[in-house]
Amino acid sequence: MWGGSFCCFARGGLGVLVACFVWGYFDPAQFAFSYLFGFYFFFTICMGGFFWTLVHHAVNAEWGVVVRRQMENLGGLLLVVAVLFIPLIFVRGYLWKWMLPQNAEDPHLLAKWPYLTPVFFWLRSAFYFAFFSISTELLRRFSIKQDADGAAKWTVFNRRVTFISLPLFAISLTFAAIDYLMGLNYQWFSTMWGVYIFAGTALSSMCVLVLIITALRSAGYLKNVVTMEHYHTMGKLMFAFTVFWAYIGFSQYMLIWYADIPEETLWFLRRTTESWWFLSQFLVIGHFFVPFLLLLPQPLKRKPAYLCAVAVWILLMHCMDIYVVVLPELHKAGVQLHLLDFLCPLGIGCILAAVFLKRLGDASLFPVRDPRLKFSLDLRN
């Protein structure tokens, strides 16, 4: 079952990406921004899988044992994400203008030296993806080894990896957001940027987890393992991070508006003028008020189909959020949808889906011999 789907997604994804690369040869600027948009959307989702795995081990969570393997599978895609980052190296000059020689004497850039230097930038990138790949692979490998012998030592090993990884995760996610997104406009800065991106990362990945678990249950798997109690918990986490995203987004906007410093207001001015204003306003309503109201009733969080519908809506809003972050730096006069804005995310998503399906069949769908499995199966909210 998984093999056929793997081939289908792999061939489709490669075909779409090849078409994008060819198109990018003739329109490199549009390709650069469209590809970064698609790349970072899926990067946040995979990073979220990594985050939830770390949280599970750090707090010794019992509820999530039955869904942890899918968190691990999602985070394990970061090695593939590292490979998908390579095309951005070839269009770096279109994205990160601070790398261009003609901007070398800009006072804003000189004030941020030596952080914004190409050598340090690529060294940081190499560290990010090396750390992400190694840590997620260890967490998944130790978890699978426990399926074979049930030894508690694998839980201890994962906890050790977690406590090393947690601070590095926070630092790497923050600086990756600064490097790849804030770096699109090196004159702008915000001390809350890393937390804002983290909020969307945690929320979007929980939504994807809900969709994956529901798809597996619909295919006949996990039916006697994942219960409505687990859906209720995942729904509560979706609700919590919906509020958290809104809180961080409002705080960032309010503080920058109140301070009225030109270097800080530049980013919001571009996104609240021309046709970008409509997308920004819709984002406030669609990313907060709509899911907030939909996730508020307790009984509805126990309905898988309903929760999946809300999850799809939030993912669409998260996609729009990344779009509003990236594309205004290219289309300053207003929204200009381009076919590459759809093809690049489609190609990247198909490649990641193919690898995910391949890894899905390599191990049990949940940790069958985890010491806390019984507590997870007996979960009561």
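Residues numbered from 1 in each chain as written. Predicted model: local features only at pLDDT ≥ 70, side-chain atom pairs only at ≥ 80, totals over all residues. Heavy atoms only, no water.

**Considerations on the overall build of the chain**
Note the cut-off: Going along the chain from the N terminus, every DSSP run of H or I of four or more residues is numbered as a helix, and every run of E of two or more is numbered as a strand. The globule rule is 2.2 Å times the number of residues to the power 0.38, and the radius of gyration it is compared with is taken over C-alpha atoms. Relative accessibility decides the category of a residue: with a 1.4 Å probe and only protein chains considered, values under 20% of the type maximum give buried, values over 50% give exposed, and everything between is partly exposed. By definition, residues are in contact when any of their heavy atoms lie within 4.5 Å. Note on areas: Shrake-Rupley with a 1.4 Å probe; residue coverage comes only from the protein chains shown. Residues counted as positive are Lys and Arg, residues counted as negative are Asp and Glu, and His and the chain ends are not counted. Positions of charges follow a simple convention, taking NZ of Lys, CZ of Arg, CG of Asp or CD of Glu.
Each helix and strand in the chain was counted, giving 16 helices and zero strands. Relative to a compact globule of 381 residues, whose C-alpha radius of gyration would be 21 Å, the chain shows 21 Å and is just as compact. Overall, the C-alpha framework of the chain stretches about 60 × 40 × 40 Å when taken along its three principal axes. Looking at the chain residue by residue over its 381 residues, the buried ones come to 55%. Long-range contacts, defined here as pairs at least 24 residues apart, represent 83% of the contacts in the chain between residues at least 6 apart. As presented, the chain carries roughly 16,400 Å² of accessible surface, and 72% of it is formed by carbon and sulfur atoms. Positive and negative side-chain charges in the chain, numbering 28 and 20 respectively, have mean positions lying 12 Å apart.

**A closer look at the packing of aromatic side chains**
Which entries qualify depends on this criterion: Each aromatic pair joins two rings of Phe, Tyr and Trp (for Trp, the six-membered one) with centres within 6.5 Å, and gets the label stacked for planes under 30 degrees apart, edge-to-face for over 60, and tilted for any other angle. Any Lys NZ or Arg CZ that is within 6 Å of a ring centre and within 35 degrees of that ring's normal is treated as a charge sitting over the ring.
Counted under the stated rule, the structure contains 52 aromatic pairs. A ring pair is formed by Phe50 and Phe132, whose centres lie 6.4 Å apart and whose planes are at 75°; its orientation type is edge-to-face. Highlighted residues: Phe50 in helix H2 (residues 28–58) and Phe132 in helix H8 (residues 118–149), separated in sequence by 82 residues. Each member of the pair, Phe50 as well as Phe132, carries the same accessibility label: buried. Here the basic side chain of Arg124 rests over the ring of Tyr115, its NZ or CZ set 3.7 Å away from the ring centre. In this structure, Lys301 packs its charged tip against the face of Phe239, placed 5.8 Å from the ring centre.

**Regarding the packing of H2 against helix H15 (residues 340–360)**
Packed helices, taken two at a time, are described by the angle between their axes plus the distance between the axes. To be explicit about the condition: Note on geometry: axes are lines fitted to C-alpha atoms, helical ones only across the stretch in contact, with angles between N-to-C directions running from 0 to 180 degrees. Angles are sorted into four bins: roughly parallel if under 35 degrees, roughly antiparallel if over 145, roughly perpendicular if 65 to 115, and oblique for all others. Take the far helix as your reference; a near helix turned counterclockwise from it by less than a right angle gives a left-handed crossing, and one turned clockwise gives a right-handed crossing.
Where H2 contacts H15, the two axes come as close as 8 Å, and the packing angle between them is 40°. Put simply, H2 runs oblique to H15. Once H2 is placed against H15, the crossing between them reads as right-handed. Between H2 and H15, the residues in contact are Gln30, Phe31, Ser34, Tyr35, Phe37, Gly38, Phe39, Phe42 and Cys46 and Leu340, Asp341, Cys344, Pro345, Ile348, Gly349 and Leu352, respectively.

**Considerations on the nonpolar core**
Quick reminder of the rule: Nonpolar core, defined: a set of buried Ala, Val, Leu, Ile, Met, Phe, Trp, Tyr and Cys residues in which side-chain atoms within 4.5 Å join the residues together.
By size, the foremost hydrophobic cluster in this structure holds 122 residues, and its most contacted members are Phe39, Tyr40, Phe43, Trp193, Met238 and Val326. With 18 residues, the single largest contributor to this core is H2. Ignoring sequence-local partners within four residues, the contact set of Tyr40 consists of Leu173, Ala176, Ala177, Tyr180, Leu181, Ile197 and Ile322.

**Section: unusual backbone geometry**
Cis geometry marks the peptide bond from Trp113 to Pro114; its omega dihedral reads 10°. With respect to the secondary-structure elements, Pro114 resides in the loop between helix H7 (107–110) and H8. Even without being a glycine, Asn60 presents a positive backbone phi close to 55°. In this structure, Glu274 is a non-glycine residue whose phi angle is positive, near 55°.

**Re the state of the cysteines**
Put simply, the rule reads: Any cysteine sulfur atom paired with another within 2.5 Å is treated as part of a disulfide.
Applying the stated criterion across every chain, the model contains zero disulfides. Free of any disulfide, Cys319 has its nearest neighbouring cysteine sulfur in Cys344, separated by 12 Å. Given a relative accessible area of 22%, Cys319 falls into the partly exposed group. This cysteine, Cys350, is not joined by any disulfide, and Cys8 carries the nearest cysteine sulfur, 7.9 Å off. For Cys350, a relative accessible area of 14% corresponds to the buried category.

**A few points about the environment of Pro114**
For Pro114, a relative accessible area of 44% translates into the label partly exposed. As for Pro114 and Met228, which are separated by 114 residues in sequence, their C-alpha atoms are 52 Å apart.

**A closer look at the side chain of Ser34**
Where we set the bar: Pairing of N or O atoms within 3.5 Å defines a polar contact, subject to two protein rules: one partner must be a possible hydrogen donor and the other a possible acceptor, and residues neighboring in sequence count only if both atoms are side-chain atoms.
Of note, Ser34 is situated in helix H2. A distance of 2.8 Å separates polar atoms of two side chains, one belonging to Ser34 and the other to Gln30.

**Quick notes on the confidence of the model for the chain**
Rules: pLDDT measures the predictor's confidence residue by residue and takes values from 0 up to 100.
Predicted confidence across the chain gives a mean pLDDT of 94, with 99% of residues reaching 70 or more. By mean pLDDT, the top-scoring element of the chain is helix H14 (residues 304–326) (98), and the lowest-scoring one is helix H1 (residues 2–26) (85).

**Remarks on helix H3 (residues 65–75)**
Of all eleven residues making up H3, eleven are buried, and the element is well covered by its neighbours. By the burial criterion, the buried members of H3 are Val65, Val66, Val67, Arg68, Arg69, Gln70, Met71, Glu72, Asn73, Leu74 and Gly75.

**Comments concerning the pattern of salt bridges**
To be explicit about the condition: Throughout this description, the term salt bridge denotes a Lys or Arg side-chain nitrogen within 4 Å of a carboxyl oxygen of Asp or Glu.
According to the stated counting rule, one finds 13 salt bridges in the structure shown. One salt bridge connects Asp370 with Arg68, and the closest N-O pair in it is separated by 2.8 Å. Taken as a pair, Asp370 in the loop between H15 and helix H16 (373–377) and Arg68 in helix H3 lie far apart in primary sequence, 302 residues in all. As far as burial versus exposure is concerned, Asp370 and Arg68 are alike and both buried. For Asp179, the salt bridge identified is with Arg124, shortest N-O distance 2.9 Å.

**Observations regarding the packing of helix H10 (residues 193–218) against H14**
Filter applied, for reference: Each residue is assigned to one of three groups, with Ala, Val, Leu, Ile, Met, Phe, Trp, Tyr, Cys and Pro labelled nonpolar, Asp, Glu, Lys and Arg labelled charged, and all others, Gly among them, labelled polar.
Look at H10 against H14: their axes get within 9 Å of each other, and the N-to-C directions meet at 145°. Our pair here, H10 against H14, has a crossing hand that is left-handed. Between H10, through Trp193, Tyr196, Gly200, Thr201, Leu203, Ser204, Cys207, Val208, Val210, Leu211, Thr214 and Arg217, and H14, the contact on the second element is made entirely by Pro304, Leu307, Cys308, Ala311, Val312, Ile314, Leu315, His318, Asp321 and Val325. Class assignment for the residues of the contact of H10 with H14 results in 15 nonpolar, five polar and two charged.

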